[in-house]
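# Examining the three-dimensional arrangement
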Amino acid sequence: MARCKVDCSSSPTLARLLRKLRKKYRHIESDLAAIVPDIEADYTYNCNANRVPKRKLALEYWKYDFGSTDLQRSPRNSFRVVGIFLEHEEEGKERTLYLSIAYFKGDKDDVTEQEVLDAVAKLRENMLQEEIPEEPTPDPDSN
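Structure report, in brief. Since we're looking at a predicted model, the values are computed, not measured. (Residues numbered from 1 in each chain as written. Predicted model: local features only at pLDDT ≥ 70, side-chain atom pairs only at ≥ 80, totals over all residues. Heavy atoms only, no water.)

Quick look at the packing of aromatic side chains now. Within this structure, the stated rule accounts for six aromatic pairs. On the basis of an interplanar angle of 80 degrees and a centroid distance of 5.0 Å, the ring pair of Y25 and F79 is categorised as edge-to-face. In this pair, Y25 sits in the loop between α1 (12-22) and α2 (28-41) while F79 sits in strand β4 (residues 79-85), placing the two residues 54 residues apart along the sequence. Given a relative accessible area of 6%, Y25 falls into the buried group. When the centroid spacing of 5.3 Å and the interplanar angle of 20 degrees are considered together, the rings of F66 and F79 count as stacked. In this pair, F66 sits in strand β3 (residues 60-66) while F79 sits in strand β4, placing the two residues 13 residues apart along the sequence. Residue classification places F79 among the buried positions, given a relative accessible area of 0%. (Phe/Tyr/Trp six-rings, centres within 6.5 Å; stacked < 30°, edge-to-face > 60°. Helix = DSSP H or I, 4+ residues; strand = E, 2+ residues; numbered from the N terminus. Buried < 20%, exposed > 50% of the residue type's maximum accessible area, 1.4 Å probe, protein only.)

Put into structure tokens, the structure is as follows:
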């Protein structure tokens, strides 16, 4: 079984898309959270996993189905979430899968490579901002 760690909170693109979808589907975040343990257990098989072939993109990304309690629909007819690995696979090292794009299948057939690239760029930018400590403001009274 292919295990990984799933990160649902680092992607600003996912947060924006979930906020938008939450207006129509109030329970989308809990529906998504319900599949995270399944993806972590085996990201290559569970939740109707589908690996997108590497064409122009050097990135490895996967698509997963998840159901909707609001619509009372099966996973295959509800939502899809895209998870992206930023690092390459290494023997014995657990990777992190960053969930980055979510969409309703009734609104959209698939994501484009450009959407994936944009989501990765925003994710990397967000991760860099978290790593850079803020400069302390100098105290004018200390002189």
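Once that is clear, we can look at the pairing of strand β5 (residues 96-104). The element β5 is largely enclosed, with a buried count of nine among its nine residues. Relative to β5, strand β1 (residues 5-7) is paired through three bridges, and the arrangement is parallel. By the bridge assignment for β5, K5 is matched with T96. Here seven bridges tie β4 to β5, and the two strands are oriented antiparallel to one another. (Pairing = 2+ DSSP bridges.)

Okay, the side chain of R80 next. Following the sequence through the fold, R80 ends up in strand β4. Excluding its chain neighbours within four sequence positions, the residues that come into contact with R80 are N48, N50, K63, Y64, D65, F66, I101, A102, Y103 and K105. (Contact = heavy atoms within 4.5 Å.)

Where α1 is concerned, the buried positions are T13, L14, L17, L18 and L21. Summarising the axial view, the buried residues of α1 lie within an arc of 125 degrees, below the 170-degree limit, and thus occupy one face. (Arc of directions from axis to C-beta.)

Another aspect to go through is the nonpolar core. One finds L32, I39, Y43, Y64, V81, L97 and L99 to be the most contacted residues of the largest nonpolar core, which totals 25 residues. The set of elements that each furnish at least two residues to this core consists of α1, α2, β3, β4 and β5. Take this core: its biggest share by element is five residues, from α2. Residues contacting Y43, with those up to four places away along its chain left out, are A2, R3, C4, A49, E60, W62, Y64, F85, E89 and R95. In this structure, L57, I84, L86 and Y103 belong to the second largest nonpolar core, which totals 16 residues. (Core = buried A, V, L, I, M, F, W, Y, C linked by side-chain atoms within 4.5 Å.)

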